[in-house]
Amino acid sequence: MDLNYTAEDVAFRKHVRTWLEQNMPRQIRNLDDRKAWHRKLYEAGYLGMGWPKEYGGQGARPMEQAIVADEMARAGAPAPTNGLGVGIVGPTIVVHGTDAQKRRYLRKILTAEEMWCQLYSEPNAGSDLAALRTAAEDKGDHFLVNGQKIWTSGGAIADWGLLLARTDPTVPKHKGISCFLMNMRQPGVDVRPLKQITGSSEFCEVFMTNARVEKENTIGRLGEGWGIAQTTLGYERGGRALARITTYASQYNQLLNAARRLKRNGRPILDDAVTRQKLGRIWADLEVERYGALRVLTQLERGEHPGASGSITKLSYSEFEKRFMELAEEILGPYGQLTDGVPAEFRLEVDTAIGDHGTWAYAFLWSRAGTIYAGSSEIQKNVIGERILGLPKETRADRVGGTR
Amino acid sequence: MNFSFSEDQVLLRNSVRAALDEQCTPAHVRAMATDERGYGEALWHEMAKLGWLGLPFAEEQGGAGLGVVELCLVLEEMGRAAYPGPYFASVVLGGLGLQLGGSGAQKERWLPAIASGQARASAALLEETLDWDPASTTATATRSGDGWRLSGVKRFVPWAHAADVVLVPARAPEGLSLFLVDPRAAGVTLAPMVGIDLTTRWSEMRLDGAAVRGDALVGAPGAAGPVLEALLRRAAVCASAEMLGAARRCLDMSVGYVKVREQFGQLIGSFQAIRHRCAEMLLAVESSHSAVYYAAWALTAGAEDAAMAASVCKSYVSEAARQVCGDAIQVHGGIGFTWEYDLHLYFKRAKSLEPLYGDAVHHRELLIRGLTGA
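Residues numbered from 1 in each chain as written. Chains lettered and ligands numbered in written order. Predicted model: local features only at pLDDT ≥ 70, side-chain atom pairs only at ≥ 80, totals over all residues.

1. With respect to the pairing of strand 5 (residues 175–181) of chain B
Residue and element names in this part refer to chain B.
- Counted residue by residue, strand 5 has six buried out of seven residues, so it is predominantly covered.
- One ladder, built from seven bridges, connects strand 4 (residues 165–172) with strand 5; its direction is antiparallel. Each residue of the ladder has a partner; that of A172, found in strand 5, is G175.
- Where strand 4 folds back onto strand 5 in an antiparallel hairpin, the turn is made up of two residues.
- Across two bridges, the pairing between strand 5 and strand 8 (residues 217–218) is antiparallel. Of the residues in strand 8, the one forming a bridge with F179 is L217. (Buried ≥ 20, exposed ≤ 12 C-beta atoms within 10 Å, placed from the backbone. Helix = DSSP H or I, 4+ residues; strand = E, 2+ residues; numbered from the N terminus. Pairing = 2+ DSSP bridges.)

2. Focus: the domain arrangement of chain B
Residues and elements named next belong to chain B.
- Once the domains are mapped, chain B shows domain 1 (7–119), domain 2 (123–223) and domain 3 (225–372).
- Taking only C-alpha atoms, the centre of domain 2 and the centre of domain 3 are 30 Å apart.
- At the junction of the two partners, domain 2 supplies 13 residues and domain 3 supplies 13 residues.
- The residue makeup of the side of domain 2 that touches domain 3, split by class, is eight nonpolar, four polar and one charged. (Domains from an automatic or database assignment. Contact = placed C-beta atoms within 7 Å. Nonpolar A, V, L, I, M, F, W, Y, C, P; charged D, E, K, R; others polar.)

3. A look at the interface of chain A and chain B
- Taken together, the contact between chain A and chain B spans 40 residues of the former and 39 residues of the latter.
- For the side of chain A that touches chain B, the secondary structure elements donating two or more residues are helix 8 (273–301), helix 9 (310–332) and helix 11 (377–388) of chain A.
- The greatest single-element share of the side of chain A that touches chain B, amounting to 15 residues, is contributed by helix 8 of chain A.
- Across the side of chain A that touches chain B, the residue classes break down as 20 nonpolar, ten polar and ten charged.

Here is the structure:
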């Protein structure tokens with residue numbers, strides 16, 4: 001056990017820090033700016049770092065990926081774009097795609113020439129994703145897709161989508177799902193922004209009416225879609241582990257400053273014994289998240305796949321973020337609810353993966369999403385219970401019979 | 001950067017677990033609860049032979065020269081087995097206290113004896129008010145000839161009845177000082193304080209002008225503050241390791257139980273209400289593991305954030321262990337509330353450590369002071 005960074009990692013961190021100081025854009029005004037920044041990161045070798053070299057990646061160690069993400073968080077650097085493409089779609093194609101698919105799609109994901117979204121959730125298939133009903137009908141040389149997707153992040157700007165659709169309604173539901181690459185720029189695909197409780201629209205609804213998917217754009221074999229989706233969910237974890245904590249720590253320091261300035265009963269809130277206890281608890285929780293991130297990185301560095309234990313990480317940080325933001329709201333009072341006209345002292349200086357929203361109000365509202373997306377806390381607990389603790393499965397009617 | 005145990009560390013843990021599984025069975029734990037001394041000599045000698053009693057001491061003092069990480073590995077297993085005996089008192093409180101503040105001669109006198117199991121030590125860190133700030137000490141030390149006379153009342157002194165030497169903080173004219181006291185000497189009276197934890201023995205230690213020699217003073221007079229603070233940090237992390245072990249045992253027992261217990265015609269582990277609680281228990285246990293071993297590493301490595309990590313650790317694990325051990329009783333239902341079932345041994349072990357060496361509230365305040373400088 002040695003929790004010091006190696007000299008090599010320290011030097012790499014310094015290198016990244018210097019690069020960011022010299023290359024970070026002052027301002028991101030629109031998607032073109034963000035794509036330009038994305039491209040710059042790619043050319044410097046800081047994007048898709050974990051991808052194999054032959055597909056435009058760096059074959060970098062998990063620690064190097066984590067350091068780049070962490071330094072970006074530390075510098076408050078704007079996030080790149082095409083996050084689902086780089087984080088999920090690309091790795092899926094690397095693992096399950098054909099050579100032709102790899103040649104056709106991978107590099108353009110990294111350069112953000114083609115933007116990607118993930119077409120998984122449906123109105124009646126959220127936590128129960130395998131209940132999805134969007135159908136892909138075999139028409140000989142292509143499939144015809146009909147159905148509706150929801151919670152499609154980046155859907156409005158996507159050129160392509162990684163689609164889960166039902167190809168066989170006569171078999172048990174987990175076995176009748178297939179995985180496709182679908183062109184989003186076609187008449188049969190209608191994308192509508194979905195306005196969230198934040199007032200913003202990072203997500204979309206996608207309606208597919210006789211949309212066309214070429215046969216060669218099937219990923220894996222028909223009926224293997226569920227298994228493929230299970231492996232890609234795992235790609236999301238790990239790489240941002242440190243960066244997430246660094247962002248929390250920056251927010252925490254800004255909250256401490258606010259607690260020095262705000263008063264209750266004639267004294268700074270920071271002197272209030274109850275508030276100090278709550279702040280102390282959140283700091284301890286934040287540090288425990290950091291230690292946990294170091295454990296995950298240790299696993300990744302040894303080439304171990306976190307597997308189901310990724311559920312522990314996800315459950316932990318998403319629930320933590322909610323507790324943290326509730327405390328921030330408590331300390332900030334109505335300042336914490338401002339979406340506009342925020343005095344400079346109470347602004348939140350942070351650029352999130354989903355855009356620049358410098359208010360506590362936005363961060364607070366957004367914290368409600370973390371325990372729902374990518375498998376709700378309840379689903380994570382089921383996974384932990386079944387796959388890590390080996391507890392018996394529920395008696396479930398849907399594990400037998402077809403969906404029709 | 002490597003947050004995993006070395007091969008040697010894994011071997012150490014496995015050998016400690018194997019030895020305790022064999023010799024520190026629940027039957028042994030229960031037998032010791034009604035034993036006059038409260039611990040078994042055979043196991044004590046075995047621990048000396050295996051090198052556990054000198055684990056953190058230098059090799060020239062009969063120790064193994066290992067760090068806090070290894071110490072925590074042993075203590076986690078002791079929590080898991082609810083080991084009854086003066087290991088923590090002797091090795092952590094007495095041993096590390098001497099290692100941190102003792103003179104060459106004092107270490108020479110005591111550490112080899114502690115390592116070989118011939119002597120047992122402890123420390124008297126609490127008084128009536130339960131304030132963990134060493135500055136709150138009210139016991140007094142006055143000069144008397146070449147030596148000192150100590151007066152005051154110490155409470156919750158672990159395993160004092162079995163100790164040959166106790167570290168006692170007292171206020172000298174020069175300020176807070178630390179003394180080595182023979183608990184059987186004239187002017188020292190011990191009275192048992194019996195708590196719910198069957199595996200721990202506490203005493204009230206009354207000092208009525210107890211005479212100690214000049215060489216019983218640890219360090220310079222008035223200079224004990226930093227030594228006590230360093231000792232408390234180590235004790236807090238080591239106690240957390242024991243709580244972690246107790247919590248893991250409670251989790252393991254719960255998971256085992258819900259896989260065999262049936263109600264409504266089904267295994268209760270298949271109910272989400274139970275399964276989700278078990279998942280939360282695992283999260284708390286794994287997070288506690290991170291907190292304990294990060295802090296243990298930081299203390300050994302002299303990391304910049306070692307003091308903060310110790311407070312993160314104790315504040316987090318105190319509450320996590322409380323939650324996990326309590327939840328274990330809940331998922332067991334009625335059987336978990338019986339004396340006959342072993343669960344309460346571990347529940348009470350964790351509970352007894354929760355307030356010691358600073359509870360969660362104490363350490364959270366230290367964290368905020370560390371973060372804000374006020």
